[in-house]
Structures are given as C-alpha cells and as structure tokens.
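Now for the letters of each chain:
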Amino acid sequence: MRDFDNIHMLEFQQPLNCCNVTALAYALSALGIPTSVEDIFYEARLPIHWVVDAGMTLQATADAGRKFVEKIRMPVEVEAFHMDAGRISLEEFRSLLRESVANTDDIHILNFRVSVAHGIPSLQGGHFSLLADYDEDSDKVVIADTHPKKYGKMWSTTSEAMYLACSDVDASVGRARGYITVRRTGAANS
C-alpha cells in the first residue's frame, strides 16, 4: 500500500492556523496511530499562542513531534531535514520522493514556501503538508494538504517546484525549509 492510500482515507482540517501541528497529527494517524491536534498540544505542552501567532519552524515542529511520541511511548522517530543550499540536489530530492511514497513505514511532512509550490506569487508564507504520492512519469508531487478549504484536499505540482519551495530560506531562522520524516520503528502500543 502506498502513502497516498493511507493518507487519502483520513479527513483532516487545519484548526486555527497551525498547519505544523496538524501535519504531525495527520502523519501519525496515517501511520496507524490515531492522533488529534489537541493530543499533540496537550502532550507536548505547546503554548497555543506560540504555535498560532508566532508559527513554528521546521525544527520546532519536529521537536514537538518527538516530544509527543516520547510522551505517549510510541515506536516512532521524527526527524527534520533542512534543505540548505548545496545539501541536496534536485535528483536526490526526486529519489527521496520515490523512496518515501514506496515505504509504508514512513510519512514525509513537507515545509515549503506556498507561492513557489503553487506558482502563485501573491500567496504568502510557509506551510506544512504531507507528501501523498509522486508520479515519476509525469514528475508530479501529490500533496495532502492540512488546509483543504484554502488549497484543496489534494493538489499537485512538479518536483522541481516543490524542491525550490522546500529549499526556500525561512527568514525567522536563516535556514532553508525542508521536510520531516515520521517513521514507524515498531508495532504501536494499543
């Protein structure tokens, strides 16, 4: 089963303005660990005003995910990868896309600049959503969005556009955006 199948069956709507925490809940649920946004806020002790008003960086989001899975004692790893200049090529990114959608034990959360991913300069800011699929023949990356009312539940773009969007520098930290891998490392405790 591909990531698309696991993700597509779920219904997630971004509450408030927290695509970061919503993406974590969505990813864990797609891996078979039912998780709500509220669960992550509570267990990771995240201040709502910090998440909603200030926003969270790639690293802060991954840290919250790690704190959550440690607290609930789930066999899951959460790892952030900044796509800083020279760190990963477009071809390496395409390879990551192919491998990640073929592996049912992980889900990738992409952190990207909205205007670049959608090709609409008027869209502002960064965003977090899930990689659902990658079709190598058409070179289309399919995104399961955390804010379907704004962007659509599922949408696609080219791998090059997503590569550039994930390589965008987040001015708040002076580092490129990137992705978070949420990986199951064992059987979930029920």
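Residues numbered from 1 in each chain as written. Predicted model: local features only at pLDDT ≥ 70, side-chain atom pairs only at ≥ 80, totals over all residues. Heavy atoms only, no water.

J.: It is not clear to me how the state of the cysteines should be interpreted in this structure. Could you clarify?
T.: A covalent bond between the sulfur atoms of two cysteines is what we call a disulfide. Scanning all chains against the criterion turns up zero disulfides. The thiol sulfur of Cys 19 is not disulfide-bonded, and the nearest other cysteine sulfur, from Cys 18, lies at 7.7 Å. A relative accessible area of 10% places Cys 19 in the buried class. (Disulfide = S-S within 2.5 Å. Buried < 20%, exposed > 50% of the residue type's maximum accessible area, 1.4 Å probe, protein only.)

J.: Sorry, what's going on with the pattern of salt bridges here?
T.: Opposite charge on two side chains permits pairing when their charged atoms draw close. The tally for this structure, following the rule as stated, stands at 10 salt bridges. The salt bridge partner of Asp 63 is Arg 66, with a shortest N-O separation of 2.3 Å. Taken together, the residues Asp 63 and Arg 66, both in helix H5 (residues 58-71) and three residues apart, mark about one turn of the helix. By relative accessible area, Asp 63 is classed as partly exposed at 37%. Overall, the relative accessible area of 26% leaves Arg 66 in the partly exposed class. Taking the shortest distance from any N to any O, the salt bridge between Arg 177 and Asp 168 comes out at 3.0 Å. Its relative accessible area of 8% is what places Arg 177 among the buried residues. (Salt bridge = Lys/Arg side-chain N within 4 Å of Asp/Glu carboxyl O. Helix = DSSP H or I, 4+ residues; strand = E, 2+ residues; numbered from the N terminus.)

J.: Just checking my understanding: could you explain the sheet that holds strand S8 (residues 178-184) for this structure?
T.: Adjacent strands of a sheet pair through backbone hydrogen bonds, lying either parallel or antiparallel. Pairing is antiparallel in the open sheet, where six strands are placed in the order S1-S8-S2-S3-S4-S5. Both outer strands of the open sheet, strand S1 (76-82) and strand S5 (154-158), are each paired with one neighbouring strand and no more. Geometrically, the sheet is characterised by an average inter-axis angle of 35 degrees between neighbouring strands, direction not taken into account. Where strand S2 (residues 106-113) lies against strand S3 (residues 126-135), five bridges are found, and the strand directions are antiparallel. Bridging across to S3, Asn 111 finds its partner in Phe 128. Together, S2, S3, strand S4 (140-144) and S8 form the strand contacts of helix H6 (residues 90-102), whose direction differs from that of S3 by roughly 75 degrees. (Pairing = 2+ DSSP bridges. Axes fitted to C-alpha atoms, helices over the stretch in contact; angles between N-to-C directions. Contact = heavy atoms within 4.5 Å.)

J.: Would you mind showing me how to read the nonpolar core here?
T.: Proteins that are soluble and globular tend to have nonpolar side chains buried together. Formed by 38 residues in total, the largest nonpolar core has its most connected members in Val 21, Leu 46, Val 76, Ile 109, Leu 130, Ile 180 and Val 182. For this core, the secondary-structure elements that each account for two or more residues are helix H2 (19-30), helix H3 (37-43), H5, S1, S2, S3, S4 and S8. Ranked by the residues each element gives to this core, the list is headed by H2, at nine residues. If you look at the next biggest cluster of nonpolar residues, it comprises 23 residues, including Val 101, Val 114, Leu 131 and Met 162. (Core = buried A, V, L, I, M, F, W, Y, C linked by side-chain atoms within 4.5 Å.)

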